[in-house]
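# Understanding the architecture of this molecule
Here's the letter readout for the chains.
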Amino acid sequence: MFPGVSSPRTPGPGTRRGPLVGIGPSSTPRASRRGLSLGSAVSSPVLFSPVGRRSSMSSRGTPTRIFSHHSISESVNYDVRMFGSSLPVKIMEALTLAEVDDQLSVHIDEGGWACLVCKEKLLIWKIAVSPVTKLSVCKELQLPPSDFHWSADLVALSYAASSSDVHSVQAVAVMVATKEGSIRYWPSLAREDTYSETCVDLGGEKMCRFLTAVQGGSFILSSVGSQLIRLIPESSGKIHQHALPQGQGMLSGIGRRVSSLFGILSPTSDLMLASVLWDRGRSSFYTLTSSNISKWELDDFSEKQAHSWDMHRALKESITDAIWGSESNYEAIKEGVNIQYLDLKQNCDGLLVLAAAWHLGDSPCLIYYSLITVEDNGNQMSDTVTVEVTQYNPPFQSEDLITCRLMVPNFSSQMTYLFMENAVFVCSTGTGKFSLPQEKIVFDTQGDGILGAGSCGGVPILFSRNSGLVSVTPRENVSLLAEDLEESLAYSVGGRGNESMVFETTTKNETVAHEDKTKLLKAAFLQYCRKDLGRAQMMADELFSSQTDLDSDSELDKAVTQISVDLVDDYPASDPRWAESVPQEAPGLSNTSLIILHQLEDKMKAHCLLVDFLHQVSIDTGLKGGPGILAQ
């Protein structure tokens, strides 16, 4: 449904990133760029073959336990597996009886619970694995009446602060809302029949968009028009409500024209809410709209708006430059660029904004999904941001069909997941030293689709309509090298998976030619990049330890230098702009090479790995300057 199409205008859509400094009303610096075509990874056949649950429904027996190591399907770089126990019977029945066009949705809570919204029913079950977990803890709640479809975005779970076990049924409180603003609250999931109700009047025709559990067992209801209502339940069952203050930062009270000079916006009625974020550690609540990021600081009963950042003005040119900055008609192009902000998350580097950009004048017109990292310094946003343009660039069809969302399963990691109705795209924020390969995994077999996503214990989890809870995690032997460069090295040695055979065959000879030594050192380097340090060490020891004379040192220096030269001189054959420059029999690493916009950064990364490899296997080349070869 989302094939990757390479634009003839750019040499393969891909990642272009760079730190941007001095962002302000008069300064929007140009971003550095890099790019890599997904090639076969995007347009590959279905990588995921889900196992449907409907066939198991006839027995209606107690589900048997399925451990997370049971593999459903494997992509090129990631394991797609069942997560936790099999689904409770009530969940499987709901999925089986649902019509194809029923709008089902799932909320996966990091506290170890999952919620399925199916018509007027809310099914909540425990997914966290623990020694005391009952096999099928599943509760069914009745949703408030509504004239619209119910949504898992309007379901929130809160956990009793006094409870020592946040996973227990007694400790879980549940609040749900309809799009019209009807509220229903269960103080304890253990008592399904005990709940209280209220109604929020949003005025006009604004719909409710998100419901979020926040400080002190309270909740915040957010509307499409960015209205925010704090809902605070009492033990008596009454639910207090009040609107969050708008424009009460340190520059409140001054005019909008003046405040905009400082990147602070007063509320306007035309701001469309895209996402919300609750930072439990700092007790801060963020909203992402079509033009800004706003922040509130909360305690148990009150809120204070800290700041509102004019994000769109600060980031539009930076995102545009990262994608189209090398075009000769860039000044004309940037006037027609469209940008939509889709989601807001956070990790150890700061806030993460998912944005989509496209230009209708492109042929073909593609959607460039970007990840923007910006740090919140407390009272204001940092002047330094990083723009990472991912390799997921589907064709543009309609602005209404841009529904991609972001998942960050581990706060300490730069790994991110973009998910939409029928696919998930694994990538990174671009702020770490190394990045795992980017890859699209498809869920488009008949009747399948992604109903929701979240994390539990740092594990990324999707809910597939056919397969239930599914984890998508990196394979243990995934290489630290970029995918194309990994393939280039492997083919130059003898083909993927043949490195060890080539090594064993060549080292049987008493005399090893210089070309073979280079090839064998590449093979050892590949093992290191695949995190098999033991194998890399063994190969390096066997290759060089038996020869200790000066000629051996010279051969080693030549082999290391040749690998570096091959990395630098590898021709980007898949970039049509290099077609006339590539000789008929170009020396180097690969049959498939790096796209030009990506190659400099990935080659620098490869050289860093090469130097680390030489240190790890205790090879002293005697070369001066180390990785300075690339700089020259």
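Residues numbered from 1 in each chain as written. Predicted model: local features only at pLDDT ≥ 70, side-chain atom pairs only at ≥ 80, totals over all residues. Heavy atoms only, no water.

## So, the pattern of salt bridges
- All told, the structure shown has 14 salt bridges when counted by the stated rule.
- Ionic pairing is found between Asp 376 and Lys 295, a salt bridge with its closest N-O pair at 3.0 Å. Residue Asp 376 is found in strand E22 (residues 368–376), and its partner Lys 295 is found in strand E18 (residues 293–298); the two are separated by 81 residues along the sequence.
- Residue classification places Asp 376 among the buried residues on the basis of a relative accessible area of 5%.
- Residues joined in a network through salt bridges with shared partners are Asp 153, Arg 209 and Arg 405. (Salt bridge = Lys/Arg side-chain N within 4 Å of Asp/Glu carboxyl O. Helix = DSSP H or I, 4+ residues; strand = E, 2+ residues; numbered from the N terminus. Buried < 20%, exposed > 50% of the residue type's maximum accessible area, 1.4 Å probe, protein only.)

## Quick word on the packing of aromatic side chains
- Counted by the stated rule, this structure contains nine aromatic pairs.
- Summarising the aromatic geometry, the rings of Phe 525 and Phe 613 are spaced 5.6 Å apart at their centres and angled 50° between planes, so their arrangement reads as tilted. Residue Phe 525 is found in helix H8 (residues 514–529), and its partner Phe 613 is found in helix H11 (residues 596–616); the two are separated by 88 residues along the sequence. Each member of the pair, Phe 525 as well as Phe 613, is classed as buried.
- Every member of this aromatic cluster is reached through a ring pair, and the members are Tyr 369, Tyr 392 and Phe 425. (Phe/Tyr/Trp six-rings, centres within 6.5 Å; stacked < 30°, edge-to-face > 60°.)

## What to know about the nonpolar core
- Counting 31 residues, the largest nonpolar core has Ile 293, Ile 319 and Tyr 341 as its most contacted members.
- Looking at this core, the elements with two or more residues in it are strand E16 (273–279), strand E17 (284–289), helix H4 (311–324), helix H5 (330–333), strand E20 (337–347), strand E21 (350–359), E22 and strand E23 (381–389).
- No other element matches H4, which puts seven residues into this core.
- The contact partners of Ile 319, leaving out residues within four places of it in the chain, are Ile 339, Tyr 341, Ala 355, Ala 357, Ser 370, Ile 372 and Val 387.
- Ranked by size, the runner-up nonpolar core spans 29 residues in total, among them Leu 489, Val 493, Ala 606 and Val 617. (Core = buried A, V, L, I, M, F, W, Y, C linked by side-chain atoms within 4.5 Å. Contact = heavy atoms within 4.5 Å.)

## Some thoughts on the sheet that holds strand E12 (residues 208–213)
- If you walk across this open sheet you meet the four strands as E12-E13-E14-E15, and the pairing is antiparallel. The open sheet is flanked by E12 and strand E15 (239–243), the only strands paired with a single partner. With direction set aside, neighbouring strand axes in the sheet form an average angle of 20°.
- Pairing of strand E14 (residues 228–233) with E15, which is carried by five bridges, proceeds in the antiparallel orientation. Bridged to Ile 229 within E15 is Ala 243. (Pairing = 2+ DSSP bridges. Axes fitted to C-alpha atoms, helices over the stretch in contact; angles between N-to-C directions.)

## What about the sheet that holds strand E4 (residues 105–109)?
- Here we have four strands laid out as an open sheet, ordered E4-E5-E6-E7, and antiparallel in their pairing. The open sheet is flanked by E4 and strand E7 (138–142), the only strands paired with a single partner. Neighbour-to-neighbour, the strand axes of the sheet open up by a mean angle of 20°, direction not taken into account.
- One ladder, built from five bridges, connects strand E6 (residues 121–126) with E7; its direction is antiparallel. Among the inter-strand pairings, Leu 122 is bridged to a residue of E7, identified as Leu 141.

## Some details on the pairing of strand E5 (residues 113–118)
- Across the six residues of E5, six count as buried, placing the element largely inside the fold.
- In this sheet, E5 lies alongside E4 in antiparallel orientation, the contact comprising five bridges. Across the sheet, the residue bridging to Asp 109 is Trp 113, located in E5.
- Taking the residues that link successive antiparallel strands as the turn, the E4-E5 hairpin has three residues, and the phi of Gly 112 there is positive, at about 100°.

## What to know about the side chain of Ser 151
- Within the secondary structure layout, Ser 151 lies in the loop between E7 and strand E8 (155–159).
- Engagement of the side chain of Ser 151 in a polar contact is seen with the backbone nitrogen of Asp 153, the distance being 3.1 Å.
- Discounting residues that sit within four places of it in the chain, Ser 151 has contacts with Ser 105 and Val 117. (Polar contact = N/O pair within 3.5 Å; in protein donor to acceptor, adjacent residues only side chain to side chain.)

## Points about the environment of Gly 350
- Along the chain, Gly 350 falls in strand E21.
- Gly 350 sits 22 residues away from Ile 372 along the chain, and the two C-alpha atoms are 9.7 Å apart.
- With near-sequence residues (within four places) excluded, Gly 350 lies in contact with Lys 345, Val 374 and Glu 375.

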